Amino acid sequence: MSSGTRGDGTPILETDGLQKTFGGLTAVDRVDYRLPRGDIQCLIGPNGAGKSTFFGLLTGKLRPTGGTIRYNGEDITGLMPHERVRRGISLKFQTLNIYEELRVSENLRVPCQRRDEDTRTLIEEVADLVDLTGKLDQPVDTLSYGEQQWLEIGMSIAVDPELLLLDEPTAGMTVEETERTGELIQTLVETRDMTALVVEHDIDFVRQIAEQVTVLHNGEVFRQGTIEDVAEDPEVKRIYLGEEYGGD
Amino acid sequence: MSEKKPTLPGNEFLPSIVVDGLDRVFAPFNGPNTIGNSPIFWIAFLLVALVALAYPAVTTPFRVLNTTGYVVWIFLALSLTLIWGYTGIFSFGQTAFFGLGGYTFGVVAKNLVQVTGATNLALLAAVVLPAVFAVVVGYFMFYGRVSGVYVAIITLAVTLILELLFGRTAGPQYTIGAAELGGFNGMTNIPSLAFGIEPVLVELDPVPMYYFVVGLLIAGYLALRYVVNSNYGYVLIAVRENEARTEMFGYDIRKIKLQAFAIGGAMAGLSGALFASWNNFISPPVMGIVTAALPVIWVTVGGRQTILGAIFGALGLQFLDSELAAAGSEFSVVALGVILLGVILYFSDGVVPAIASRIEDRIGSSPDESVVLEESDA
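With that settled, the discussion passes to the packing of helix H7 (residues 206-228) of chain B against helix H12 (residues 307-326) of chain B. Residues and elements named next belong to chain B. Two elements in contact, H7 and H12, have axes separated by 10 Å at closest approach and are oriented at 150°. The orientation of H7 relative to H12 falls into the category roughly antiparallel. Here Leu-217, Tyr-221, Leu-224, Arg-225 and Val-228 of H7 come into contact with H12, specifically with Ile-307, Leu-308 and Ile-311. Here the contact of H7 with H12 is built from residues that sort into 7 nonpolar, no polar and 1 charged.

In C-alpha cells, the structure reads:
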C-alpha cells in the first residue's frame, strides 16, 4: 500500500456540512470531506452507515437536505447526474449495472461514443485495460461475474473521468479477481491521472489500494486515517463487530 | 478486435463484385440492431421493392386503393417501434398523434387547397403539430420522471381525451375557415394529396398515391435502419436497456426520450395525414381505445424490436382483418386477440425475429454478428 497523495494535494472533491434525511432518519449527517487529487481513498463503515447515500449525493442521484458539494472548486450540489459525469465524475454502481442484452463491445460503445475520439480505437483500448480484448463479440452473459464487474469498471472509465467512484467493486469476486481488481484500480489512477473513491467492506482490499480511509458511522465521519490506524482503532472495531469485541 | 465481415448466408453463390457493391451501398443501413444485413437480404429487399412497384400493373385499382390504405397505417406502427421497441417508452396513445395529424391535415388542406390547389403545407403542418404536441406531453412525462406503465396510462388517457374532445365538435361553431370538424360524424371532403404550386400541380389519385406512400415507406424504412444502427440508435437502446447506467455516462435521458417521443409523434402524425387524404375523411374513433390497441398488437405480433416486424405485423394483420371481415366474419377483432395471445405465448419476441432466427439456424451463421464496430456512426 502506498501512503501520501500522488497529486499536489489540492482537493478534487469537497463536501461541506453535507446532509441527507429521509423523514426522521438522518442518513448522512453534516459530512465535511476532502478528497485530494490523485488519491485512492476508501470509505468504509458498517451496514447502514450512510456510504451508499453519500455516493448517491455525490453522483446527483439524491438531492441533499443541506450542505454543498464542490468538484474542482465548482459548486455542483444542484447539478443533474449527467451534468456531473460531463464534468468528469464517473460511477461504478454497487450492484452490477451493465447492458445485459448487449455484447461486450456494445456495452463499451455507449460510453466510448460520447467522446470525440475514434470509437473503435477507444473500445479496443478500454477492453485491453480490463482484459476483455478477446471477448468483445461475446454476449455479456457468457462472461464470469468478475469479468462482468471489470466490464462495468471499463465502462465507467470509458467516459474518461477525473474522479472515479466505485461502490463495492469487488462484491462477489474470488480472491484472485479481487486482487486483480485492486491492481486495475491502481493502474488506472497512476496511468490516467485519475482520483478514486471506493466504498468497500473487504479490509484486505482496502489495505491493497487505499492511502486514506474514512469510516462512516450513523451518517457521520467517525474516523479518518491510514488503514493501519483505522483497523487498530478499538472504537472502529466496536462499531463493526459489536461491543464485546471492541476495545476498553 | 475482430474486423471480419460476417460469413453471410448464401454469399458464395454471388459474384464478389455484387457482394462488395451491395455491401458498400447498404453499409450505412447495416448493423446488429436490424434484421437482415447480408447482400442476399438486400437483393431480396430490391426484389420486394420491384414487386411493389409493379403491383398496380398486375392488379385492380380497388386492390391498389386497399393496399395503400394498409400502408398508410404502417407509419403509425413504425412510430411505436421507434419509441417502444428501440427506446423502451411504452406509448398506448400513438393514435393521439395520428388523429391530430389527420385533423390538422384536413383543416389546413380544406382551407389552403382553394387558394393554392396543393396540400404541401397541410402535410407539413400535419407532421409538425403532432410533433410539437408530443414535445408538450413528453416534457411533462419525462422531465417529471414518469416512466413504465404510467407512460402507457397517460398516453392512453391523452388519446381518449382527444377522442372525446373531437367528438364534441359538432355544429357550425366548430368550423375553422372552410373546415367543419363535424363532431362524431367526422370531417368530410378532405382533399387528396396534391403537390406543387399552381399551375404545376400533381394530384395523387389512387395509383400515384400508392407510389407515394410506398416510396415514403421505403425511405422511412431505410432512414430508421440508419438511425437505429447509428450512435444515436445505440443511445436509444441503452436508454431502453438501463436508464440509470446510461445517465451515468453523461447522457441526458430525459432529453433523449423526449426527442424519440417527438420523432414518433411526427411519424404518427404523418400516418394520420396520409390516412385522412387517402380516406378523404377522418372521425374521432381513430383516437379511440380500439384503434389505440391496434399498433400495439401489430408491433407485438411482428416483433417490437425490429423495423421489419412493425411493417409485416401491420400489413399482415390488417390484411387478415380485412379478409375476415370480407368473408363475413364478425369476429375479426377476436381473431386478432387470439393471434396476439399465441404470439406472446410461443414467440415472445415476435414472428419476424422468430422466422429470422429459424433462417439463421438453418444456414448456420448469423447475418447480424460481428458488425457492432463497423462504421455506422451517424
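The next point concerns the packing of aromatic side chains. Aromatic ring pairs are described here by two measures, namely the spacing of the ring centres and the angle between the planes. Residue and element names in this part refer to chain B. The full count for this structure, using the stated rule, is 26 aromatic pairs over all chains. A ring pair is formed by Trp-73 and Trp-298, whose centres lie 6.1 Å apart and whose planes are at 80°; its orientation type is edge-to-face. Here the residue Trp-73 occupies a position in helix H3 (residues 61-86), and Trp-298 occupies one in helix H11 (residues 289-302), the gap between them amounting to 225 residues. This pair shows no difference in class: Trp-73 is buried, exactly as Trp-298 is. Where Phe-90 meets Phe-92, the ring centres are 5.8 Å apart and the plane angle is 45°; that geometry is what we call tilted. Overall, the relative accessible area of 22% leaves Phe-92 in the partly exposed class.

On to the sheet that holds strand S3 (residues 40-44) of chain A. Neighbouring strands of a sheet are bound in pairs by backbone hydrogen bonds; such pairs are parallel or else antiparallel. Residues and elements named next belong to chain A. The mixed open sheet is built from 6 strands, whose spatial order is S6-S7-S8-S3-S9-S10. The sheet terminates laterally at strand S6 (89-92) and strand S10 (220-225), the two strands that pair on one side only. Each strand axis lies, on average, 20° off the axis of its neighbour in the sheet, ignoring direction. Inspection of the sheet shows strand S7 (residues 163-167) paired to strand S8 (residues 195-199) by 5 bridges, in the parallel sense. Bridge assignment links Leu-164 to a residue of S8, and that residue is Ala-196.

With that settled, consider helix H4 (residues 119-129) of chain A. Residues and elements named next belong to chain A. Among all positions in H4, only Thr-119, Arg-120, Leu-122, Ile-123, Val-126 and Ala-127 are buried. The arc enclosing the buried residues of H4, seen along the axis, measures out at 160°, which places them on a common side. Those residues of H4 that are buried are in contact with helix H3 (104-112) and helix H5 (145-157). Backbone geometry just after H4 places Asp-131 at a positive phi near 60°.

Here A:Asp233 lies in the loop between helix H8 (227-232) and helix H9 (234-241). Polar contacts involving the side chain of A:Asp233 include one to the main-chain amide nitrogen of A:Glu235, which spans 2.8 Å.

Another aspect to go through is the nonpolar core. Core analysis: the largest hydrophobic core is formed by 164 residues, its most contacted members being A:Phe54, A:Leu108, A:Leu151, B:Leu78, B:Phe105 and B:Phe261. Looking at which element gives the most residues to this core, the answer is H3(B), with 13 residues. Beyond its immediate sequence surroundings of up to four residues, A:Leu108 is in contact with A:Ile123, A:Val126, A:Ala127, A:Leu136, A:Leu151, A:Gly154 and A:Met155.

Now for the side chain of A:Gln41. Residue and element names in this part refer to chain A. Mapped onto the elements of the fold, Gln-41 is located in strand S3. What makes Gln-41 buried here is its relative accessible area of 4%. In terms of polar contacts, Gln-41 uses its side chain to reach the side chain of Tyr-33, at 2.9 Å. If near-sequence neighbours (up to four positions away) are discounted, Gln-41 is found in contact with Tyr-33, Arg-34, Leu-35, Pro-36, Ala-196, Leu-197, Val-198, Ala-210, Glu-211, Gln-212 and Thr-214.

Every contact between the two is made by 34 residues of chain B and, on the other side, 34 residues of chain A. Of the roughly 2900 Å² buried where chain B meets chain A, counting both sides, 56% is carbon and sulfur surface. Run the count over chain B and chain A and you get 1 salt bridge. Between A:Glu152 and B:Arg245 there is a salt bridge; the shortest N-O distance is 2.7 Å. Where chain B touches chain A, the interface holds 10 residue pairs in polar contact (both at pLDDT 80 or more). Listed by contribution, the elements that provide at least two residues to the side of chain B that touches chain A are helix H8 (231-241) and helix H9 (243-247) of chain B. Per-element accounting of the side of chain B that touches chain A gives the leading share, 6 residues, to H8(B). When the residues that make up the side of chain B that touches chain A are grouped by side-chain class, the tally is 12 nonpolar, 10 polar and 12 charged.

Another point: the confidence of the model for chain B. Detailed reading of the predicted model is not advised wherever pLDDT is low. Residues and elements named next belong to chain B. When pLDDT is averaged across chain B, the result is 90; 93% of the residues are at 70 or more. Per-element confidence in chain B ranges from a low mean pLDDT of 85 for strand S4 (residues 200-203) to a high of 98 for helix H10 (residues 253-279). Of the regions scoring below 50 in pLDDT, residues 1-8 engages in 21 contacts with residues more than four places distant in sequence or in other chains. Across residues 366-378 the pLDDT falls below 50, and counting only partners more than four positions away or on other chains, this stretch makes 49 contacts in the model. Two numbers describe this predicted complex: its pTM, 0.90, and its ipTM, 0.91.

Bringing the sheet that holds strand S4 (residues 66-71) of chain A into the picture now. Residue and element names in this part refer to chain A. In spatial order, the strands read S2-S1-S4-S5; together these 4 strands make up an open sheet with antiparallel pairing. Both outer strands of the open sheet, strand S2 (25-36) and strand S5 (74-75), are each paired with one neighbouring strand and no more. Relative to S5, S4 is paired through 2 bridges, and the arrangement is antiparallel. Within the sheet, the bridge partner assigned to Arg-70 lies in S5 and is Asp-75. Helix-sheet contacts for helix H1 (residues 51-59) involve strand S1 (11-22), S2 and S4, and the interaxial angle to S1 is about 115°.

The rules behind each value
Residues numbered from 1 in each chain as written. Chains lettered and ligands numbered in written order. Predicted model: local features only at pLDDT ≥ 70, side-chain atom pairs only at ≥ 80, totals over all residues. Heavy atoms only, no water. Axes fitted to C-alpha atoms, helices over the stretch in contact; angles between N-to-C directions. Helix = DSSP H or I, 4+ residues; strand = E, 2+ residues; numbered from the N terminus. Parallel < 35°, antiparallel > 145°, perpendicular 65-115°, else oblique. Contact = heavy atoms within 4.5 Å. Nonpolar A, V, L, I, M, F, W, Y, C, P; charged D, E, K, R; others polar. Phe/Tyr/Trp six-rings, centres within 6.5 Å; stacked < 30°, edge-to-face > 60°. Buried < 20%, exposed > 50% of the residue type's maximum accessible area, 1.4 Å probe, protein only. Pairing = 2+ DSSP bridges. Arc of directions from axis to C-beta. Polar contact = N/O pair within 3.5 Å; in protein donor to acceptor, adjacent residues only side chain to side chain. Core = buried A, V, L, I, M, F, W, Y, C linked by side-chain atoms within 4.5 Å. Buried area = accessible area lost by both parts, 1.4 Å probe. Salt bridge = Lys/Arg side-chain N within 4 Å of Asp/Glu carboxyl O. pLDDT = per-residue confidence, 0-100.

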